[in-house]
Amino acid sequence: MGYKVRYEKGNFRTGSCMLQSSKVIVVNRFSNIEVKINSLLDLLKTIDPDTSKLDEKQKQFYYTIKQTL
């Protein structure tokens, strides 16, 4: 979807940013799985991903998630 996901250690909250024109989502490796999932779902509310890179099954899953948010 045009974003790179990195799992890093540190004292920070999961989030997305632009690094030198590169879309990056940084997930805190120390967070539990529920926090990681909820953080990624929150990011889906705010970002406008490139869905042209997804196959049909992935697009269907993405749109299902978007409807529940």
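Caption draft 1: The confidence of the model for the chain, seen in detail. Considering every residue of the chain, the mean pLDDT works out to 84; 91% of them sit at 70 or more. Predicted confidence in the chain is weakest over strand β2 (residues 15–19), with a mean pLDDT of 62, and strongest over helix α2 (residues 56–68), with 92.

Caption draft 2: Quick look at the packing of helix α1 (residues 33–46) against α2. Running from amino to carboxyl end, α1 crosses α2 at an angle of 90 degrees, the nearest separation of the two axes being 10 Å. Overall, the two elements α1 and α2 adopt an arrangement that is roughly perpendicular. Between α1, through Leu41, Leu44 and Lys45, and α2, the contact on the second element is made entirely by Tyr62, Ile65 and Lys66. By residue class, the composition of the contact of α1 with α2 is four nonpolar, no polar and two charged.

Caption draft 3: Spotlight on the layout of surface pockets. The computed volume of the largest pocket comes to approximately 390 Å³. Taken together, 17 residues line the largest pocket, and the ones lying closest to its centre are Met1, Leu40, Leu44, Phe61 and Ile65. A total of five residues in the lining of the largest pocket trace back to one element, the largest contributor, which is α1. Across the lining of the largest pocket, the residue classes tally to 15 nonpolar, two polar and no charged.

Caption draft 4: Here's a closer look at α1. Taking 1.5 Å of rise per residue, 14 residues should cover 20 Å, and α1 covers 21 Å from first to last C-alpha, within 8% of that figure. Regarding α1, the residues found buried are Lys36, Ser39, Leu43 and Leu44. Here the buried residues of α1 occupy an arc of 145 degrees about the axis, which is enough to place them on one side. One side-chain oxygen at the N-terminal end of α1 lies 3.1 Å from the backbone nitrogen of Glu34; it belongs to Asn32.

Reading guide: rules and limits
- The written sequence of each chain sets the order in which its residues are numbered from 1.
- The predicted nature of this model means local features are confined to residues of pLDDT at least 70 and side-chain atom pairs, given and counted, to a pLDDT of 80 or more, with totals for whole chains, interfaces and linings taken over all residues.
- The side-chain values count all of the structure's non-hydrogen atoms but skip hydrogen atoms and water molecules.
- Confidence of the prediction at every residue is given by pLDDT, a number between 0 and 100.
- Going along the chain from the N terminus, every DSSP run of H or I of four or more residues is numbered as a helix, and every run of E of two or more is numbered as a strand.
- To get an axis, fit a line to the C-alpha atoms, keeping to the stretch in contact for a helix; angles then go from 0 to 180 degrees between the N-to-C directions.
- Throughout, the term roughly parallel applies to angles under 35 degrees, roughly antiparallel to angles over 145, roughly perpendicular to angles from 65 to 115, and oblique to all others.
- Throughout, a residue-residue contact means that at least one pair of heavy atoms, one from each residue, lies within 4.5 Å.
- Residues are grouped as follows: Ala, Val, Leu, Ile, Met, Phe, Trp, Tyr, Cys and Pro are nonpolar; Asp, Glu, Lys and Arg are charged; all remaining types, including Gly, are polar.
- The rule is simple: put a 1 Å grid over the protein atoms alone, call a set of points where a 1.4 Å probe fits but cannot get out a cavity, call an open set with protein on both sides within 12 Å along at least five of seven lines a pocket, and count a residue as lining if it has an atom within 4 Å of a point.
- Grid points are joined across faces, edges and corners, and a volume is the space filled by probe spheres set on the points.
- Take the residue count of a helix, subtract one, and multiply by 1.5 Å to get its expected span.
- The buried label goes to any residue with under 20% of its type's maximum accessible area, the exposed label to any with over 50%, and the partly exposed label to all in between, with areas taken from a 1.4 Å probe on protein chains only.
- Regarding the arc, it is the one traced by the directions from the helix axis to the C-beta atoms.
- Throughout this description, a polar contact denotes any pair of N or O atoms lying within 3.5 Å of each other; where both atoms belong to protein, one of them has to be capable of donating a hydrogen while the other can accept it, and for residues adjacent in sequence the pair is counted only when both atoms sit in side chains.

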